[in-house]
Amino acid sequence: MSNSSGGQQGPAARQAAMAEQVLADGSATAAELAERFGVSLMTIHRDLDELERQGIVRKFRGGVTAQPSGVFESNVQYRLKSMRAEKAAVAEHALRMVEPGMAILLDDSTSTLEIARRLRTAEITPLTVVTNFLEAINLLSGQRGIHLMALGGDYDPLHSSFLGVSCVEAVQQLRVDVCFASTSAVHGGYAYHQEQHIVSVKRAMLDAAARNVLLIDHTKLGRVALHRVVPLSRFDTLLVDDGASPEALRDLDEHKVRYEVCATPAREP
């Protein structure tokens, strides 16, 4: 449906509305957006260039997408909305591995953010939580019984987290009981991620923990991305939701990966 007011909107307001639509739908063509917002294709492409510069979307021939590829990870706002029931099921399972007195490390994934959400009400205290994820820091700051350690570094708005050399060096000074991490793709006995600067931080986190737990939703199985993070043997346990196919689980079995399948609550009709 055409939005005749789009042409009268300021560019910032129009770009915000455009970002919201693409994050909700996953992708859109430039022609669809031009009709929806009542502006020219040239204006739409200028808007999309700006949204791409901000790391919100990626342009492709004739359109734009918020979805991940083997080279690009999705914007955090898109990841926060995707596979929520599956991530919640895996996080519930992970929470059973947390005991009072522990120091745990959470990476900047939306899967481990579901653990942080549950720590606000689970009363597993005292607890030390270390993270570089601004979303988790905001959730847990001021939480009674939780000693929160925020890892500094270069702020990356695409991931809403702190990364870079200073973050890696901060992690290397620590030793925690458990690291909970996620990654973009799992295949053939390896965990993969699209971006090198994320890989270096995840590797440092895994080195800093006595036990490592990988949280993934089933859509990540059988996929690869540009960079190998680590062999799956680096994880003590892999947690995946019950949407995983028998073929994907067979691949884990063949590579002798220790995994647990987490039941997803039945969805409302």
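These figures come from a predicted structure and were not determined experimentally.

Trainee: Explain the packing of helix 8 (residues 165–172) against helix 9 (residues 196–207) here, please?
Mentor: Any two packed helices are characterised by how steeply their axes cross, that is the angle between the axes, and by the distance between the axes. For the pair helix 8 and helix 9, the least separation of the axes is 9 Å and the interaxial angle reads 5°. With respect to helix 9, the axis of helix 8 lies roughly parallel. Of the residues in helix 9, those in contact with Cys-167, Val-168 and Val-171 of helix 8 are Ser-200, Val-201, Ala-204 and Met-205. Here the residues of the contact of helix 8 with helix 9 are counted per class, giving six nonpolar, one polar and no charged.

Trainee: What exactly am I supposed to notice about unusual backbone geometry here?
Mentor: Leaving glycine aside, a negative phi is the common case for residues, and trans is the common case for peptide bonds. Cis geometry marks the peptide bond from Thr-125 to Pro-126, where omega comes out at 0°. Its location among the elements puts Pro-126 in the loop between helix 6 (110–122) and strand 5 (127–131). We note that Glu-123 has phi near 55°; this positive angle belongs to a residue other than glycine. Of note, Glu-123 is situated in the loop between helix 6 and strand 5. Notably, Ser-160 is not glycine yet its phi reads approximately 55°, a positive angle.

Trainee: Is there a simple way to think about the sheet that holds strand 10 (residues 185–187) in this case?
Mentor: Hydrogen bonds between backbone atoms are what pair the strands of a sheet, whose relative direction is either parallel or antiparallel. Here three strands make up an open sheet; going across it, the order is 10-11-13 and the pairing antiparallel. Across the chains shown, the open sheet's two edge strands, defined by having one partner strand only, are strand 10 and strand 13 (227–231). Taken pair by pair, the neighbouring strands of this sheet meet at an average axis angle of 30°, ignoring direction. With three bridges joining them, strand 10 and strand 11 (residues 190–193) adopt antiparallel strand pairing. Following the sheet pairing, His-187 is matched in strand 11 by Tyr-190. Those strands touched by helix 9 are strand 11 and strand 13, and its axis lies near 10° from that of strand 13.

Trainee: Can you walk me through helix 1 (residues 11–25) in this structure?
Mentor: Since the α-helix advances by 3.6 residues per turn, residues separated by three or four positions end up pointing in the same direction. Here helix 1 contains 15 residues, and its C-alpha end-to-end distance of 21 Å stays within 8% of the 21 Å for a straight helix at 1.5 Å per residue. Within helix 1 the residues assigned to the buried category are Arg-14, Gln-15, Met-18, Ala-19, Gln-21, Val-22 and Leu-23. Directly beyond the C-terminal end of helix 1, a positive phi value near 95° is found at Gly-26.

Trainee: Even after reading the chapter, I still don't get the side chain of Asp-107, so can you show me in this structure?
Mentor: For Asp-107, the position within the fold is in the loop between strand 4 (103–106) and helix 6. Polar side-chain contacts of Asp-107 include one of 2.9 Å to the backbone nitrogen of Ser-182. Looking at Asp-107, its side chain comes within polar contact range of the side chain of Lys-202, at 2.7 Å.

Trainee: Would you mind showing me how to read the pattern of salt bridges here?
Mentor: Pairing between side chains becomes possible if they bear opposite charge and their charged atoms approach one another. On inspection of all chains with the given rule, the structure shows nine salt bridges. When the shortest N-O distance is used, the salt bridge between Arg-14 and Asp-47 registers 2.6 Å. Of this pair, Arg-14 sits in helix 1 while Asp-47 sits in helix 3 (residues 41–53), and the two are 33 residues apart along the sequence. Asp-47 shares its class with Arg-14; the two are buried. Lys-202 is paired through a salt bridge with Asp-108; the nearest N and O atoms lie 3.9 Å apart. Within this pair, whereas Lys-202 is found in helix 9, its partner Asp-108 is found in the loop between strand 4 and helix 6, the two being separated by 94 residues in sequence. By the burial criterion, Lys-202 is buried, and Asp-108 matches it. Bridged by salt links that share partners, the residues Glu-92, Glu-114, Arg-117 and Arg-118 form one connected network.

Trainee: For this particular structure, what's the right way to read empty space enclosed by the protein?
Mentor: The probe, sized like a water molecule, is rolled over the atoms to show the empty space still left. According to the stated counting rule, one finds one cavity of 30 Å³ or more in the structure shown. By volume, the largest cavity is sized at about 30 Å³. Lining of the largest cavity is provided by Ala-181, Ser-182, Thr-183, Lys-202, Leu-206, Leu-214, Val-229 and Phe-235. Each residue belonging to the lining of the largest cavity can be placed in one class, and the counts come to five nonpolar, two polar and one charged.

Analysis parameters
Residue indices begin from 1 for each chain and proceed along its sequence in written order. Given that the model is predicted, a residue must reach a pLDDT of at least 70 before its local features are reported, and side-chain atom pairs must reach 80 or more before they are shown or counted; all residues, however, enter totals for whole chains, interfaces and linings. Heavy atoms throughout the structure, all of them, feed into the side-chain values; hydrogens and water do not. A fitted line through C-alpha atoms represents every axis, and for helices the fit uses only the stretch in contact; the resulting angles, taken between N-to-C directions, go from 0 to 180 degrees. The secondary structure listing takes helices from DSSP runs of H or I that are at least 4 residues long and strands from runs of E that are at least 2 residues long, numbered from the N terminus. An angle counts as roughly parallel when it lies under 35 degrees, as roughly antiparallel when it exceeds 145, as roughly perpendicular when it falls between 65 and 115, and as oblique in every other case. What makes two residues a contact is simply this: any of their non-hydrogen atoms within 4.5 Å. Under the scheme applied here, ten amino acids are nonpolar (Ala, Val, Leu, Ile, Met, Phe, Trp, Tyr, Cys and Pro), four are charged (Asp, Glu, Lys and Arg), and all others, including Gly, are polar. Each pair of strands is called paired provided DSSP finds at least two bridges between the two strands. Given a helix with a known number of residues, its expected span is that number minus one, times 1.5 Å. Burial classification: accessible surface area is computed with a 1.4 Å probe over protein chains only, and a residue below 20% of its type maximum counts as buried, one above 50% as exposed, and the rest as partly exposed. Definition of a polar contact: a pair of N or O atoms within 3.5 Å, with one able to donate and the other able to accept a hydrogen when the atoms are protein atoms, and with sequence-neighbouring residues admitted only if both atoms are side-chain atoms. Only one rule defines a salt bridge in this text: a Lys or Arg side-chain nitrogen within 4 Å of an Asp or Glu carboxyl oxygen. Only protein atoms enter the 1 Å grid used here, on which a cavity is any set of points holding a 1.4 Å probe that cannot leave and a pocket is any open set flanked by protein within 12 Å on both sides along at least five of seven lines; residues with an atom within 4 Å of a point are listed as lining. Grid points are joined across faces, edges and corners, and a volume is the space filled by probe spheres set on the points.

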